[in-house]
Amino acid sequence: TELQSYIDDLNEDLSRYYLEIRRLKRVLKKLTQQRDVLERKREESLTLLSPIRRLPPEVLSYIFEYLCQTDAISLGGRGLIKAPALTLSHVCSFWR
């Protein structure tokens, strides 16, 4: 009977540990989600500091016009095709 009582106590302890582990996993999942949200917000905020955003609109429009007039991509032996949108889409999200 003492051994059975000891085993019952161990089972109760194990059950409490399992419950606590499940609770902590839920807490960890929630904290991980909150961290991910904060990381996304930080990344979005950092993009506001990018150098392209500090250029005056006039300078950006000059770059835009220049590339629209001079940008071309090669198609091998078939000649050239004007493709300013391809280049400009890599400048900033505003131009995309």
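First, a word on what this report is: a plain description of the structure on this page. Bear in mind the structure is a predicted one, so any value in this text is a computation, not a measurement. (Residues numbered from 1 in each chain as written. Predicted model: local features only at pLDDT ≥ 70, side-chain atom pairs only at ≥ 80, totals over all residues. Heavy atoms only, no water.)

Concerning the overall build of the protein
Stated precisely, the cut-off is as follows: Strands are runs of DSSP state E lasting at least two residues, helices are runs of H or I lasting at least four, and both sets are numbered from the N terminus onward. Here, residues are in contact when the closest pair of their heavy atoms is within 4.5 Å. Per-residue and other accessible areas follow the Shrake-Rupley method at a 1.4 Å probe size, with only the shown protein chains counted as cover for residues.
A tally of regular secondary structure across the protein gives 3 helices and 2 strands. Reading the helices (α) and strands (β) of the protein from amino to carboxyl end gives α-α-β-β-α. Considering only contacts within the protein whose residues lie at least 6 apart along the sequence, 21% involve residues at least 24 apart. As displayed, the protein offers around 8600 Å² of accessible surface, 61% of which is attributable to carbon and sulfur atoms.

Section: the pattern of salt bridges
Test applied: Salt bridges, as used here, are contacts in which a Lys or Arg side-chain nitrogen is within 4 Å of a carboxyl oxygen on Asp or Glu.
According to the stated counting rule, one finds 5 salt bridges in the structure shown. A salt bridge links Arg16 to Asp13; its shortest N-O distance comes to 2.1 Å. A residue pair is termed a helical-turn pair when its members lie 3 or 4 positions apart in one helix, as Arg16 and Asp13 do in helix α1 (residues 2-47) at 3 residues. A salt bridge links Glu43 to Arg42; the shortest N-O distance between them is 3.3 Å.

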